[in-house]
Amino acid sequence: MGLATPETERIEIPAPAPLQIPVEEPAKREEEPVLVPA
Amino acid sequence: MEPVLGWRIWNLRDGGLESWAMDYCWEPGENLATCLAPHRRRCRRSPGLHCQCGFWAVWTPGQCVIRACSAAEPPWHVMGLVVGWGAVALHGKEGFRAERAAIKCLFTDRPWSSSLAVTAPSGRIARWWHHTLRRAVEPVITLPAHLDQLEAVAAQYAVPLVSLRSAADVGILREFGVHPTQIEEAVSLATPSLEGM
């Protein structure tokens, strides 16, 4: 079973870009304050 | 230029998605068309001129359903979305034939079929329904036997399996680039959802 309508146009389409999955950088940890004994 | 997006139907057979017209089982990811025309010289590159080779799809879900309804014996038909690229032959307002194609998603809906039988509960179920919910007996949807097979095949092809309605509601169709009029058409074709039951 194909298409009943005759071909009307022909185009060349480039390959789709590969899926880009954004990589989230780990959040920087805030440096903990150093407790100095009094 | 973006790949063309179209709707089509496969036969679900032996855990794979088989072409309607030809003896070809779709591969996960990219598929490369070759001419399988019998009794004639095969095209050097699909889609050939004056041939029906290539991966075909139609532009709208409605056209897709009409095709399924026109089939003499629709056995295990599955509807889905595909993208096509490479050499692409456009066939007016009907659809296209592409040299390369990949499945984007599959749908649980079978708008051409009565396999989602809506039946009224009876006997013990009806009494439980009435007693527990204090509501009149309402129709329930019988789970289709092939839902497990659909889930397996979607996993094999690594594509989402969704209902038309949820694909529209959560924005999957829009994200794939389906035109808003087609999304409306898809929703109008949606069969009763099994989700949330």
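Residues numbered from 1 in each chain as written. Chains lettered and ligands numbered in written order. Predicted model: local features only at pLDDT ≥ 70, side-chain atom pairs only at ≥ 80, totals over all residues. Heavy atoms only, no water.

### Side note on the overall build of chain A
Quick reminder of the rule: Note on conventions: DSSP H or I runs of at least 4 residues are helices, E runs of at least 2 residues are strands, and numbering of each starts at the N terminus. Relative accessible area decides the class of each residue, using a 1.4 Å probe on protein chains only: under 20% of the type maximum gives buried, over 50% gives exposed, and in between gives partly exposed. Throughout, the Shrake-Rupley method with a 1.4 Å probe supplies accessible areas, and for residues the shown protein chains are the sole cover considered.
Within chain A, the secondary structure is distributed over zero helices and one strand. Burial status across chain A gives 8% buried among its 38 residues. Total accessible area on chain A stands at roughly 4100 Å², and carbon and sulfur atoms take up 60% of it.

### Let's talk about helix 6 (residues 180-189) of chain B
Residues and elements named next belong to chain B. Note the following rule: The arc under discussion is defined with respect to the helix axis, by the directions toward the C-beta atoms.
Residues of helix 6 that are buried: Gln182, Ile183 and Ala186. Along helix 6, the residues classed as buried sweep out an arc of 105 degrees about the axis, all on the same side. Exposed residues pointing more than 90 degrees away from the buried face of helix 6 are listed as Pro180, Glu184 and Ser188.

### As for the environment of Ala155 of chain B
Residue and element names in this part refer to chain B. Note that Ala155 resides in helix 3 (residues 147-156). In this structure Ala155 comes out as exposed when scored by relative accessible area, which is 58%. For the pair Ala155 and His39, spaced 116 residues apart in sequence, the C-alpha separation works out to 37 Å.

### Structural notes on the confidence of the model for chain B
Residue and element names in this part refer to chain B. The cut-off we apply is this: Each residue gets a pLDDT score, which is the predictor's confidence in that residue and runs from 0 to 100. Between two residues, a contact is recorded if the distance between any of their heavy atoms is within 4.5 Å.
With 77% of its residues at a pLDDT of 70 or more, chain B has an overall mean of 82. Mean pLDDT across the elements of chain B bottoms out in strand 8 (residues 140-141) (38) and peaks in strand 3 (residues 31-32) (97). Confidence drops under a pLDDT of 50 for residues 114-126, and excluding neighbours within four residues, the segment shows 25 contacts in the predicted structure. Counting contacts from residues 132-142, a segment whose pLDDT is below 50, to residues more than four positions away or on other chains yields 30 contacts. Across the assembled chains, the prediction reports ipTM 0.70 with pTM 0.76.

### With respect to the packing of aromatic side chains
All names here are of chain B. Stated precisely, the cut-off is as follows: Ring pairs shown here join Phe, Tyr and Trp side chains whose ring centres sit within 6.5 Å, with only the six-membered ring taken for Trp; geometry is labelled stacked below 30 degrees between planes, edge-to-face above 60, and tilted in between.
Scanning all chains against the criterion turns up five aromatic pairs over all chains. Arranged with centres 5.5 Å apart and planes meeting at 20 degrees, the rings of Trp7 and Phe107 form a pair that is stacked. Placement of Trp7 in strand 1 (residues 4-13) and of Phe107 in strand 6 (residues 95-107) is noted, with a sequence separation of 100 residues between them. The two residues Trp7 and Phe107 agree in class, both being buried. An angle of 50 degrees between the planes, with centres 5.3 Å apart, marks the rings of Trp59 and Phe96 as tilted. Separated by 37 residues along the polypeptide, Trp59 in the loop between strand 4 (55-58) and helix 1 (61-70) and Phe96 in strand 6 bring together distant segments of the chain. Put simply, the rings of Trp10, Tyr24, Trp26 and Phe55 touch in pairs and so form one group of aromatic residues.

### Section: the interface of chain B and chain A
We apply this condition: Values labelled buried area give the accessible surface lost by two parts on being combined, using a 1.4 Å probe and summing over both. We define a salt bridge as a contact between a side-chain nitrogen of Lys or Arg and a carboxyl oxygen of Asp or Glu at a distance within 4 Å.
With 30 residues of chain B in contact, the opposing surface of chain A contributes 16 residues. With both chains or domains summed, chain B and chain A bury close to 2000 Å², and 57% of this area falls on carbon and sulfur atoms. The tally of links from chain B across to chain A stands at two salt bridges. The closest approach of N and O atoms between Arg45 of chain B and Glu12 of chain A, which form a salt bridge, is 3.0 Å.

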